[in-house]
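Working through the structure, step by step
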Amino acid sequence: MFLAILYCLLWSFQISSGHFPRACASSKNLMAKECCPPWMGDGSPCGQLSGRGSCQDILLSNAPSGPQFPFKGVDDRESWPSVFYNRTCQCSGNFMGFNCGNCKFGFGGPNCTEKRLLIRRNIYDLSVAEKNKFFAYLTLAKHTISPVYVIPTATYDQMNNGSTPMFNDINIYDLFVWMHYYVSRDTLLGGSEIWRDVDFAHEAPGFLPWHRLFLLLWEQEIQELTGDENFTIPYWDWRDAENCDICTDEYLGGRHPENPNLLSPASFFSSWQIICSRSEEYNGRQALCDGTPEGPLIRNPGNHDKAKTPRLPSSADVEFCLSLIEYETGSMDRTANFSFRNTVEGFANPLTGIADSSQSSMHNALHIYMNGTMSQVQGSANDPIFLLHHAFVDSIFEQWLRRHRPLLEAYPEANAPIGHNRDSYMVPFIPLYRNGDFFISSKDLGYDYSYLLEPDPGFYRNYIEPYLEQATRIWPWLLGAALVGAVAAAALAGLSSRLCCRKRRQFQEERQPLLMEKDDYHSLLYQSHV
């Protein structure tokens, strides 16, 4: 059945979306610093003739960044995406995409006017068919070259300022692995110099919004690839887990019987090849990951550094995180105290909220616990457990948003580490998205979590409330009628009872035999004696 599903999908894939559009990877586009491809619906740039959008200059935020990155002009990710492009499509209404050909999250239909709400479910609530379909979708993405996007294999400077484009094809799954690598890679300073204290998606306020967008785009990719517009990424609720209960061949892959660092040959993912996991090699060559396969998935859950991560997160840990009022505090990095973001990310103690560099908890704990590919930040998305893990982390973020209902101003506007200010564009996404755009409820982005679902207020308002209002107005009459009815019913019941008793006595007398047989007479005497 699994192979049959996969075979059918291989014949039905559609268009994907992700990082550098092929249409913007030419020397002409790079040197002109413009990425405004035509929308195939009308052939005009950004679908302008159809009112979808227009090609405009990018307006960058001038809010200052924090002191963690003491350089300027040495990294292609600075002031994203200005090193590569300063003009892109600005979409109108509910349209979205690098050419305004897609709908905003939460909308669908030919004109993007249909509101949609999809539900992410616990992987253990999926039927066998649903679970196998999810694995088939991931496998299909792993074996389908993106027809729309490519990845750069060199820096802009190494491309001679765009005159010598250097890009590679990549499959749809690995496209996202590469993006997670690229956003968290070290800065190449030239020669043998490296700056490691930089990350445009971790250890700062953008951690939760960046991964929220990342999962949404990944979800959208699978929807477009398979034609399954209702697909959602499942989550793994790891609260109070004592081990990796999804690390079985039935789910995300069991342990190899001969090599504990590898997946079981019977798992769906044992033959997968990983990419972008050799950061020291890239740093030594002053090069970018080019998507070349580097070997099988590595995973050895539970055989990790237990001094740094003594246990997996508990329900109490999650509840403490949710009790923290401030989204971000202090230096807004991994040393922040009483910061919801820093605590849920795992750099602060989930019992006190105090930053502790000797421990890795919450989100970080799951990565460390897997003791393999998942434990390396840059290459962690190679392991499909990454998806289920981050979906649950996102659900905790959603709980916090619903409980505290923060204003947008709760997300720092300035002085966060580079790339993490509220109006900074998130690396390395094209089209462009700001960090603050995803500091909102998931419902406003078109999805929810099964365990967070609330009763529909519209049902109460439209169906129950009108009857309650009518009852409030006429309750004295209803009470009076009920009392009168009760009295009448009691009187009628008493009268009926008397009549029934009288008729029963008459009936019994009429049925009493006038003469008895001899045996009947002796029987009656015996019963009377007894």
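Residues numbered from 1 in each chain as written. Predicted model: local features only at pLDDT ≥ 70, side-chain atom pairs only at ≥ 80, totals over all residues. Heavy atoms only, no water.

**A few points about the sheet that holds strand β4 (residues 87-91)**
Note: strands within a sheet are paired through backbone hydrogen bonds, in either parallel or antiparallel orientation. Sheet architecture is open: three strands sit in the order β2-β4-β3, paired in mixed fashion. If you trace the sheet from one side to the other, it starts and ends with β2 (34-35) and β3 (53-57), each paired once. Sheet topology note: the β3/β4 ladder contains five bridges and is antiparallel. Bridge pairing in β4 links Asp 57 to Arg 87. (Pairing = 2+ DSSP bridges. Helix = DSSP H or I, 4+ residues; strand = E, 2+ residues; numbered from the N terminus.)

**Side note on unusual backbone geometry**
Omega for the peptide link from Trp 80 to Pro 81 comes to 0°, which places this bond in the cis form. Along the chain, Pro 81 falls in the loop between β3 and β4. At the junction of Val 427 and Pro 428, the peptide bond is cis and its omega measures out at -5° in the coordinates. Tracing the backbone shows Pro 428 in the loop between α10 (385-404) and β14 (447-449). The backbone of Phe 338 shows a phi angle near 55°, a positive value even though the residue is not glycine. Looking at the secondary structure, you find Phe 338 in the loop between α7 (315-323) and α8 (340-345).

**Comments concerning the pattern of salt bridges**
All chains considered together, the criterion is met by 26 salt bridges. Its salt-bridge partner being Asp 394, residue Arg 120 comes within 3.7 Å of it at the nearest N-O pair. A residue pair is termed long-range when its members are at least 10 positions apart, and Arg 120 in strand β9 (residues 118-120) and Asp 394 in helix α10 qualify at 274 residues. Its relative accessible area of 0% is what places Arg 120 among the buried residues. (Salt bridge = Lys/Arg side-chain N within 4 Å of Asp/Glu carboxyl O. Buried < 20%, exposed > 50% of the residue type's maximum accessible area, 1.4 Å probe, protein only.)

**Describing the pairing of strand β10 (residues 149-152)**
Taking every second residue as pointing to the same face, both faces of β10 are buried, with Tyr 149 and Ile 151 on one and Val 150 and Pro 152 on the other. In terms of strand pairing, strand β1 (residues 20-21) meets β10 through two bridges, oriented antiparallel. Bridge assignment links Pro 21 to a residue of β10, and that residue is Tyr 149.

**What about the UniProt feature "domain: Tyrosinase copper-binding" (unreviewed entry) in the protein chain?**
UniProt annotation of "domain: Tyrosinase copper-binding" (unreviewed entry) refers to residues 202-219 and 383-394 when read in the numbering used here. The distance separating the terminal C-alpha atoms of residues 202-219 is 21 Å; by composition the span is 72% helix and 0% strand. Split by type, residues 383-394 is 83% helix and 0% strand. Its first and last C-alpha atoms lie 18 Å apart. (UniProt positions renumbered as here; feature names shortened; annotations may be inferred.)

**Quick look at helix α9 (residues 362-370)**
Of all nine residues in α9, eight are buried, a share of seventy percent or more. Tucked inside the fold, the buried residues of α9 contact α5 (207-226), α7, α8 and α10. Note on α9: the residue one or two positions beyond its end, Asn 371, has a positive phi of about 55°. (Contact = heavy atoms within 4.5 Å.)

**As for the state of the cysteines**
Counted by the stated rule, this structure contains seven disulfides. Two residues share a disulfide in this structure: Cys 244 and Cys 247, whose sulfurs sit 1.9 Å from each other. As the torsion about the S-S bond is roughly 70°, the Cys 244-Cys 247 disulfide counts as right-handed. Cys 247 matches Cys 244 in its accessibility class, with the two residues each being buried. Residue pairing for Cys 276: its cysteine sulfur links by disulfide to Cys 289, the two sulfurs lying 2.0 Å apart. Taking the sign of the S-S torsion, -75° for the link of Cys 276 and Cys 289, the bridge is left-handed. Of this pair, Cys 276 sits in the loop between α5 and α6 (279-285) while Cys 289 sits in the loop between α6 and α7, placing them 13 residues apart in sequence. With a relative accessible area of 0%, Cys 276 lands in the buried category. (Disulfide = S-S within 2.5 Å.)

**A few points about the sheet that holds strand β11 (residues 167-168)**
Strand order in the open sheet formed by three strands is β1-β10-β11, with antiparallel pairing between adjacent strands. Strands with a single pairing partner mark the edges of an open sheet, and in this sheet they are β1 and β11.

**A word on the packing of helix α4 (residues 172-184) against α5**
Contact geometry for α4 and α5: axes closest at 10 Å, N-to-C directions at 165°. Here α5 runs roughly antiparallel to α4, going by the angle between their axes. Handedness of the α4/α5 crossing: right-handed. Contact with α4, carried on its side by Ile 172, Tyr 173, Phe 176, Met 179, His 180 and Val 183, involves Trp 210, His 211, Phe 214, Leu 217, Trp 218, Glu 221 and Leu 225 of α5 and no other residues of that element. Residues of the contact of α4 with α5, tallied by class, amount to 10 nonpolar, two polar and one charged. (Axes fitted to C-alpha atoms, helices over the stretch in contact; angles between N-to-C directions. Parallel < 35°, antiparallel > 145°, perpendicular 65-115°, else oblique. Left-handed = near helix turned anticlockwise from the far one by under 90°. Nonpolar A, V, L, I, M, F, W, Y, C, P; charged D, E, K, R; others polar.)

**Some details on the packing of aromatic side chains**
As enumerated under the stated definition, the model contains 49 aromatic pairs in all. Ring centres of Phe 71 and Trp 195 lie 5.1 Å apart, and the angle between their planes is 80°; on these two criteria the pair is classed as edge-to-face. In this pair, Phe 71 is assigned in the loop between β3 and β4 and Trp 195 in strand β13 (residues 193-195), connecting sequence segments 124 residues apart. The cationic tip of Arg 120 hangs over the ring face of Tyr 447; the distance from NZ or CZ to the ring centre is 4.1 Å. Lys 131 extends its terminal NZ or CZ atom over the ring of Tyr 251, reaching a point 5.2 Å from the ring centre. (Phe/Tyr/Trp six-rings, centres within 6.5 Å; stacked < 30°, edge-to-face > 60°. Lys NZ or Arg CZ within 6 Å of the ring centre and 35° of its normal.)

**Section: the environment of Asn 94**
By the element assignment, Asn 94 lies in the loop between β4 and β5 (95-96). On the basis of relative accessibility, which here comes to 24%, the residue Asn 94 falls in the partly exposed class. In this structure the C-alpha to C-alpha distance between Asn 94 and Gly 106, which are 12 residues apart in sequence, comes to 9.2 Å. The contact partners of Asn 94, leaving out residues within four places of it in the chain, are Asn 102, Cys 103, Lys 104, Phe 107, Cys 112 and Thr 113.

**What about the side chain of Thr 373?**
The topology assignment puts Thr 373 in the loop between α9 and α10. Excluding anything up to four places from it in sequence, Thr 373 contacts Ile 274, Leu 297, Ile 298, Gly 379, Ser 380 and Asn 382.

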